[in-house]
Structures are given as C-alpha cells and as structure tokens.
Amino acid sequence: MENLIITVSGMTCAACAKNVERILKKIDGVENPSVNYGAEKVTVSYDEDKVSFETLNTAVKRGGYELHLPVPDEAARTEERKAEELKALWKRFYLSMWFALPLTIFSMIPMFLHEFNIAIPRQIDPMAFPAFNMNVQMILTIPVMIINWKIFRDGFRSLFLGHPNMDSLIAKGTTVAFLYSFYLTIQNNFFGGNYMPYYEVTTIIITLIVLGKYLEAKTRGKTSEAIKKLMGLAPKTATILKNNEQIEIPIEDVKEGDIVVVKPGERMPVDGIIVFGETSVDESMITGESMPVTKKIGDNIIGASINKNGFIHYKTTKVGKNTVLSQIINMVEQAQATKAPIARLADLVSGYFTHAVIIIALISGLAWIIAGAEIGFAIRILIAVLVIACPCALGLATPTAIMVGTGKGAESGILIKSAEALEISHKLNTIVLDKTGTITEGKPNVTDIVTKENFSKDEILRLVASSEKQSEHPLGEAIVNYAEEKNLKLSKPTTFKSITGQGIYVDIEELQIFVGNKKLMEENNINIEEYLQNANELSGQGKTPMYVAINGKMEGIVAVADTIKPTSKKAIKKLKDMGLEVIMITGDNERTAKAVANEVGIDKIFAEVLPGDKATNISKLQAEGKKVAMVGDGINDAVALVKSDVGIAIGQGTDIAMESANIVLMRGDLNGVYSAIYLSKKTIRNIKQNLFWAFGYNVLGIPIAMGVLYIFGGPLMNPMHGAWAMSFSSISVLLNVLRLKSLKLQS
C-alpha cells in the first residue's frame, strides 16, 4: 500500500471535502481517504497494483477538483497557486463590482425613494418605464454571471452528480432569480406588464459571495504561516570546503560528509558536528529556546539555526529530508493533514447539509405559495434560504484551529504529531514523568565536596580528578569535567588500578590515593567513621558519595548525582496547579526516588520499576479511569509512551522515544509539557466556540430566511443580507482561529 498526503485544489466548502472522499472511496484499491478542508490535503492509502495516482486524479477531476503530488518545491508551487487563486478572485470581484454598483443605483435607489415618497426624475423611474428599466438591469446582470461562470459550472456539476456543495446553493438560487426575472422582462417587453425583477439579487449576491471567498482565502492563508516560516528558515546555498577552497553551492547539492564553513551571522545550512572553531548558536526557531547555546568541537549543529559570533567548520551528518528542520516540517504537515475526533460531528452534518438546505428551500417556497403568497415572494424566500446556508463555517471550524495550534506549537519547539493528540491532551488528568533525563539532567554532576582539615575542597577535587583522568566510569568523567570547568591543573598518575565494583587506586605526586565506595575503604582497612554521617546524609538526598583516602587516611568525600533540571520544580508546580496528578516513575531505589520526588514536589512515585514494567504501570492507571500522559526520553520509555493516552518525548532523547511519542518537545524542559497541555485546552476551546457559532448561525439563520419571523409580524430577510451573512460566518470563524496565534507559550 502506498500512503500519501496530497494537496487537493478546487474545494470551496466542507461539502467539497466530503465529495472528494466519496469519489476516492468508490475506487477499488483505495482505503480510508481523509480530506482536510482547512489544510487542503487528502490522506490516502492505495494499492499500487490496482490503482495509480493518475487514476485517482482523473476520478477527482471529474468531480471538479485536482490532486497535486508532493514535489521538491511543493511549498513554493502551492504558494504560487494560492496567490493566483487570490488574484483571480479579486479580479472577479473587481469586475463584478463595476456592474453591480450601477445596477444597485438603477434598481434599488428609486425603490428606496419611492418608499419615503421622495420625488424622482421620470427618466429613471422604473414605474414609468418598467421595460426599459428591466432591460438595463438584465444587461448589467449577464456580464456578472459570465465573469463568475465558475460558480455555475462547479455548482451545477456537483448538483447533477448528486453531491451539491456551497456553489450549488449559490448557483441554484441566483439562476432561479435570474430566470424568473427574465420571464418578467419578457412579460414587460411584449405583453405590457409592470413587474419588479430580481436581477439585483443575482448580481449583488454573486458579487458579495466572491468578495467573501476572497476574504476567506486571504484569512485562511494566515492559518498556515507557521509552516511557511519553517520552510523559509533554511538558506538556499551553503559554503563548503573543497581542496582547501571555499565553494558556494546550492543547498540541494550538499552531501553527507562535506565540510561546511559558516561565518558569524549566517544560518547553518544542514545538520552536522563541529570540527573546527567555537561559537554560540541561536536555536530558537527550532527549539523555542531564546538564549544562544555555546557550541564547541564535537557538538551537534541543527540546520537553520543562526551562528551568532564564531567562525566554524562542521561536518555534515544529515542533509535533505533527513535534517531536523525537514523532519519538523514533515511532522507539522502530517499533523495538519489529520482530523481530530471532535470534527466528526461537523463532517457528518456537512456531508448532508447541502441536500437538506435544498429540500428546506423548496419546501419553504411551496409552503408560501400554498399559503397564498405571490410567486415572486416565494422565490425570494427560496433564494434567501439557499444563500444564507453555510457549510463552510462548519468545515473550517476544526481544521483551521488545528493548523494554527500545531503551527503555534512548532514555533515554540512543541511538535504535535496528530490532531487527535492535540485534542486528547486537554482531557489529561495524570502525568507520569520518567526521572532520568526528564526531571533530571540525565548525566552525573559533582554536587558536594566534603573535607575536614588537611586538604581544601579544590585540592581534593584536583587530586580525585587527576586520579579519575584515565577512568572510563561516568562518575569519574563527571568529576574530571567539573575540575576542568574550574580550570584546575591536573596531574598524571604514575600508577592506575581499577578495582571492579569498588573504585580505583592511583599513585600520584608521591601520594597513594583510593577513590571509591565504602567496600573499597573497608577492604583496605581505612577508617571512615568520621565521614559516615556525611555519607549517609548525601545518600539520603539521592547522591552517590565517593570516599577519598590519601596515604591510608580518610580525607574527604566527593558526591556525584544526576542533578535536577533548573526548570523541573517550577514546571511540576504549574502542572499540579492545572489540576493534574503528577507521578514519577524510575528504576532507581525508593530512597533515591523519594529524595528527588521531595525536592521537585511530587507526592507519588513508582520506584525500582524495570524497563519492561513501565507500560504495566501506565495500564494500571488507565484501568482506574485516568487519562494518562507518559513523559520520557529513553529507549526503555518507548513502550510506555505508546501505551499511554498521550506519549510526550523529550526532544534531546533517543530517536526511538521520539518516534513512539505523540508529542515531541525539542527542548529537554518540562515547561514544554505544561505548554502542550495549555495549547491543547486553548485550541479545543477555540474549536468549540467555532462549532457553536457555525451551528448556531445556521440554526437561527435558516428559519429567519424561511420567513418564520415574518409570520409573526417580524422582518423578512433580504437575500442579499443572507449572502453577506453567509460570507461573514466563515470569516468570523477564521478570525477567531487567528486569535490562537497570540497565545504566549512557556517552552
């Protein structure tokens, strides 16, 4: 099966999206086509042995739409196509307006003056020269219908295929108005009638509809600005080092293993590892981190980040579609192409909406005729019902909010991989946090140095770091790094001996030094009584004390621990303030786990949990009726991430964890968890507002158009007001969606 996310053009409303789905479902070999009207994307799986892309496109074209395969410069082509569509819509509105304005003056102003008993020149009085007046109106109306022939072509084609859309309603309503007016014109010209036509209804409705479509398209374009910004981040060229010469080449020609040269102020073209130089890098556009990050030889470079002040060379590791930026863009596009469960009701209604509106319009018109109303009055009712009905607002309510929500998240380093994940996140009530690498830094650091008399803290640190220089143990490496950060001058041991499970012994500067655990000291008859209380206190805090004996005497302790991230405590408090239960899960012993949990404010822990049992604990919480998010970064978290209702991976973690998760935080920061849930709550609230407005608009608007208020002495809706209201309903939904762009996310 070939799985594709394809751009689809030609859709004018939510009913069109359902039509494309119906067309694709009828093709043998196609499975689960899903069309996102807001994103103008169709997600489809098809059997390549039974059907080809050309077959799909041919079928869709018969319905008046077109599919566009992904291409290298797809973003630019899509932008170009949308710009052309906008230009065409504006041209249609502009030309239509030049006919609609004189028609309005010619037909409606005399009526207005008559209403208020104001005398008007006999030459423009429609009552004095009804045939002439109607002929002028007809002459002004026909060009507007020709300019906007696309509405009639697409509308009637969909109607005759049995799947009417918004254009079908407009085409049918305005055609009825035109044909009835044409009939009255014949009566006036040849039989001396004195009837009032509805040409202005046809002309003004079409003009307003085109203006509404233009404003909708322009506003909808703003909902996808996040993805445009991401696509515009990567530079077009790269400077590479070849035969000791700097050569500028297109970014598409950069290969893995090339040495890229980047000067201060330039963007990194692709991903890689620094091989020369040192600098600070602004990664905010990728991670949401506002502060520049210091980079030196051996550190990773993310493509599209900005080199702030250093001159560096780096070796490329990922190019093209494999770069972090390309993967982020792909992830956001896939999320925007998916549908949220909340959209199902709107999809269901949109699928049958236009059929129902046509039936309601016909019944309303007939009912008024049966009640004794004139045919002209009944036609006015029919047109008003057809024109005011709007499946567009329903179709836009969910996908556009999802587009802005996922885009807003991406700008802050929060990658939401599906609309479903975004929706479920607002229902979460339990957050399970892995300890190592999630709450803590994930690597050991020196936290305490305890010494009594003979040696200062720096001297103990210098000797221990010198002793550990040849060790490959992570704790020893942490001590060496800490000493180097403090610019302590290290010595080289003359003897080095690693004692498995206990520590090391070295001869250095004519001193005999043991560094290790309690067992090492006991086996070498070193009295640790004086430091035992210090060691127990450090252990109780979740730290690992390393005893230091010099020349047979206990001289100090160096404590090492996986330190808590500076942001963890505050982020956990915010999650709890949101009403969420926060639980820590770890493979560490209970004593260490409790020490970390107490420090960050977590009340419940799962300690000594084997990697394979993390998912079991998630299942137990779900069995209690809880909606659970698992937050982790390691390979051993992957199963738990999949098992949870929402899996959230720390972006600095492994690729497997990121693949398994529903949400990826590009920064290793728990503030991102809070922000993701906050974003979900705001987006779903926005969707509910949109759906309430869209449903409410139709529930109230259609009965008014049917003349229900008029029966009880209220006003009768003018079809032109209905056309404006229909356009405004879609634009109001889009304007409400765009409010999400102003959200302040703490990543």
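Up top is the structure.
The paragraphs below set out a description of the structure included in this document. The structure displayed is predicted, hence computed values, not measured ones.

Regarding the overall build of the chain
(1) Moving on: When helices and strands are tallied, the chain shows 28 helices and 26 strands.
(2) Moving on: Taken over C-alpha atoms, the radius of gyration comes to 35 Å for the chain, far larger than the 27 Å a tight globule of 747 residues would show.
(3) Moving on: Taking the principal axes of its C-alpha atoms as reference, the chain extends roughly 125 × 65 × 60 Å.
(4) Moving on: Within the chain, the proportion of its 747 residues that are buried is 54%.

Things to note about the packing of helix H1 (residues 14-25) against helix H2 (residues 53-62)
(1) Moving on: Running from N to C, H1 and H2 point in directions that differ by 135 degrees, and their axes come no closer than 9 Å. Classified by the interaxial angle, the pair formed by H1 and H2 is oblique. The way H1 lies across H2 gives a crossing that is right-handed. Contact with H1, carried on its side by Val20, Ile23 and Leu24, involves Leu56, Ala59 and Val60 of H2 and no other residues of that element.

Quick look at the sheet that holds strand E17 (residues 495-499)
(1) Moving on: As summarised here, the arrangement of the six strands in space is E16-E21-E20-E19-E18-E17, forming an open sheet in which the pairing is antiparallel. The open sheet terminates on both sides in strands that have one partner only, identified here as strand E16 (440-451) and E17. Within the sheet, the average angular offset between the axes of one strand and its neighbour, ignoring direction, is 20 degrees.
(2) Moving on: Pairing analysis gives four bridges linking strand E19 (residues 511-516) to strand E20 (residues 544-550), with the strands arranged antiparallel. Across the sheet, the residue bridging to glycine 516 is tyrosine 547, located in E20.
(3) Moving on: Each of E16, E20 and strand E21 (553-564) is contacted by helix H18 (residues 474-485), which is oriented at about 70 degrees to E16, the strand it contacts most.
(4) Moving on: Across the face of the sheet, helix H20 (residues 529-540) comes into contact with E16, E20 and E21 while running at roughly 5 degrees to E21.

Quick word on the pattern of salt bridges
Should their charged atoms come close, side chains of opposite charge can pair.
(1) Moving on: Tallying each qualifying case throughout the model produces 19 salt bridges.
(2) Moving on: In the salt-bridge network here, residues are joined through shared partners; they are Lys150, Arg153, Asp154 and Arg157.

Quick notes on the side chain of lysine 543
(1) Moving on: You can see lysine 543 is positioned in the loop between H20 and E20.
(2) Moving on: Engagement of the side chain of lysine 543 in a polar contact is seen with the side chain of aspartate 448, the distance being 2.8 Å.
(3) Moving on: Excluding residues within four positions of it along the chain, lysine 543 makes contact with Thr447, Asp448, Leu538, Ala559, Val560 and Ala561.

Examining the sheet that holds strand E14 (residues 414-416)
(1) Moving on: Taken together, the seven strands give an open sheet; going across it, the order is E14-E26-E25-E24-E15-E22-E23, and neighbouring strands pair in mixed fashion. At either margin of the open sheet sits one strand with a lone partner, and together these are E14 and strand E23 (604-606). Going across the sheet, the axis of each strand differs from the next one's by a mean of 20 degrees, ignoring polarity.
(2) Moving on: The pairing of strand E22 (residues 581-585) with E23 spans three bridges and is parallel. Of the residues in E23, the one forming a bridge with isoleucine 583 is lysine 604.

Some details on the packing of helix H26 (residues 671-706) against helix H28 (residues 719-738)
(1) Moving on: Put simply, H26 and H28 touch, their axes get as near as 9 Å, and they point 170 degrees apart. The orientation of H26 with respect to H28, classified from their angle, is roughly antiparallel. Where H26 approaches H28, its residues Asn686, Gln689, Asn690, Trp693 and Tyr697 are matched on the opposing element by Gly722, Ala725, Met726, Phe728, Ser729, Ser732, Val733, Asn736 and Val737.
(2) Moving on: For the contact of H26 with H28, the residue count by class is seven nonpolar, seven polar and no charged.

Concerning the packing of aromatic side chains
Two numbers describe a pair of aromatic rings. These are the distance of the centres and the angle of the planes.
(1) Moving on: Counting across every chain of the model gives 14 aromatic pairs.
(2) Moving on: Note on tyrosine 505 and phenylalanine 514: the rings are 4.9 Å apart at their centroids and 45 degrees apart in plane angle, and the pair reads as tilted. For the pair shown, tyrosine 505 and phenylalanine 514 are each scored as buried.
(3) Moving on: Ring-pair connections join several aromatic residues into one group, and the members of that group are Trp90, Phe93 and Tyr214.

Brief notes about the side chain of lysine 565
(1) Moving on: Looking at the secondary structure, you find lysine 565 in the loop between E21 and helix H21 (568-577).
(2) Moving on: We note that lysine 565 is buried and unpaired, the nearest opposite charge coming from glutamate 441 at a distance of 5.6 Å.
(3) Moving on: Here the side chain of lysine 565 touches glycine 437 through a polar contact of 2.8 Å, landing on its backbone oxygen.

Some details on the pairing of strand E6 (residues 245-250)
(1) Moving on: Taken together, the six bridges between strand E5 (residues 237-242) and E6 define a ladder with antiparallel strand orientation. Among the inter-strand pairings, alanine 238 is bridged to a residue of E6, identified as isoleucine 249.
(2) Moving on: Once E5 ends, the chain turns through two residues before running back antiparallel as E6, passing asparagine 243 with a positive phi of about 50 degrees.

Some thoughts on unusual backbone geometry
(1) Moving on: At asparagine 243, a residue that is not glycine, the phi angle is positive and equals roughly 50 degrees.
(2) Moving on: One can find asparagine 243 in the loop between E5 and E6.
(3) Moving on: One non-glycine residue, asparagine 551, adopts positive backbone phi at about 55 degrees.
(4) Moving on: Mapped onto the elements, asparagine 551 comes out in the loop between E20 and E21.
(5) Moving on: A relative accessible area of 43% means that asparagine 551 is categorised as partly exposed.

A closer look at the environment of lysine 518
(1) Moving on: Examined against the element boundaries, lysine 518 turns out to sit in helix H19 (residues 518-523).
(2) Moving on: Classification of lysine 518 by relative accessible area gives partly exposed; the value is 40%.

Topic: the pairing of strand E2 (residues 30-36)
(1) Moving on: Across the seven residues of E2, five count as buried, placing the element largely inside the fold.
(2) Moving on: Across five bridges, E2 lies against strand E3 (residues 41-46) in antiparallel orientation. From the neighbouring strand, glutamate 31 faces E3, where its bridge partner is serine 45.
(3) Moving on: Between E2 and E3, which pair antiparallel and follow one another directly, the connecting turn spans four residues, one of which, glutamate 40, has a positive phi of 55 degrees.

Section: the nonpolar core
(1) Moving on: Membership of the largest hydrophobic core comes to 83 residues, with the highest contact counts inside it found for Met11 and Ile205.
(2) Moving on: A per-element tally of this core places helix H12 (residues 375-388) first, with eleven residues.
(3) Moving on: Ignoring sequence-local partners within four residues, the contact set of methionine 11 consists of Cys16, Ala17, Val20, Val35, Asn36, Tyr37, Glu40 and Tyr65.
(4) Moving on: Core analysis: the second largest hydrophobic core is formed by 49 residues, Ile342, Ala397, Ile416 and Ile572 among them.

Let's talk about helix H7 (residues 199-221)
Each α-helix winds once per 3.6 residues, and so residues spaced three or four apart point in a common direction.
(1) Moving on: Counted at 1.5 Å a residue, the expected span for H7 with its 23 residues is 33 Å, and the 33 Å between its end C-alpha atoms agrees.
(2) Moving on: Most of H7 sits inside the fold, with 20 of its 23 residues counted as buried.

Looking at H26
(1) Moving on: Compared with an ideal rise of 1.5 Å per residue, which puts 36 residues at 52 Å, H26 spans 52 Å between its outermost C-alpha atoms and is within 8% of the ideal.
(2) Moving on: The positive-phi residue at the C-terminal boundary of H26 is glycine 707, with phi of around 95 degrees.

Quick word on a nonpolar patch on the surface
(1) Moving on: There is a patch of nonpolar side chains on the surface, built from Trp90, Tyr94, Leu95 and Trp98 and spanning about 440 Å² of accessible area.
(2) Moving on: Within the secondary structure, tryptophan 90 sits in helix H3 (residues 74-115).

Points about the environment of arginine 667
(1) Moving on: For arginine 667, the location among the structural elements is in the loop between strand E26 (663-665) and H26.
(2) Moving on: For arginine 667, a relative accessible area of 17% corresponds to the buried category.

What about the environment of tyrosine 198?
(1) Moving on: By secondary structure assignment, the location of tyrosine 198 is in the loop between helix H6 (166-191) and H7.
(2) Moving on: Along the chain, tyrosine 198 and isoleucine 711 lie 513 residues apart, while their C-alpha atoms are 22 Å from each other.
(3) Moving on: The residues contacting tyrosine 198, other than those within four sequence positions of it, are Ala177, Tyr180, Ser181, Gly376, Phe377 and Arg380.

So, how was this worked out
- Residues numbered from 1 in each chain as written.
- Predicted model: local features only at pLDDT ≥ 70, side-chain atom pairs only at ≥ 80, totals over all residues.
- Heavy atoms only, no water.
- Helix = DSSP H or I, 4+ residues; strand = E, 2+ residues; numbered from the N terminus.
- Rg over C-alpha atoms; globule rule 2.2 N^0.38 Å.
- Buried < 20%, exposed > 50% of the residue type's maximum accessible area, 1.4 Å probe, protein only.
- Axes fitted to C-alpha atoms, helices over the stretch in contact; angles between N-to-C directions.
- Parallel < 35°, antiparallel > 145°, perpendicular 65-115°, else oblique.
- Left-handed = near helix turned anticlockwise from the far one by under 90°.
- Contact = heavy atoms within 4.5 Å.
- Pairing = 2+ DSSP bridges.
- Salt bridge = Lys/Arg side-chain N within 4 Å of Asp/Glu carboxyl O.
- Polar contact = N/O pair within 3.5 Å; in protein donor to acceptor, adjacent residues only side chain to side chain.
- Nonpolar A, V, L, I, M, F, W, Y, C, P; charged D, E, K, R; others polar.
- Phe/Tyr/Trp six-rings, centres within 6.5 Å; stacked < 30°, edge-to-face > 60°.
- Lys, Arg positive; Asp, Glu negative; His and termini not counted.
- Core = buried A, V, L, I, M, F, W, Y, C linked by side-chain atoms within 4.5 Å.
- Expected span 1.5 Å × (residues − 1).
- Patch = residues over 30% accessible without salt bridge, like charges linked within 9 Å, V, L, I, M, F, W, Y side chains within 5 Å.
- Areas by Shrake-Rupley, 256 points an atom, 1.4 Å probe, with all protein chains shown as cover.

Distances and angles like these do not, on their own, reveal function.
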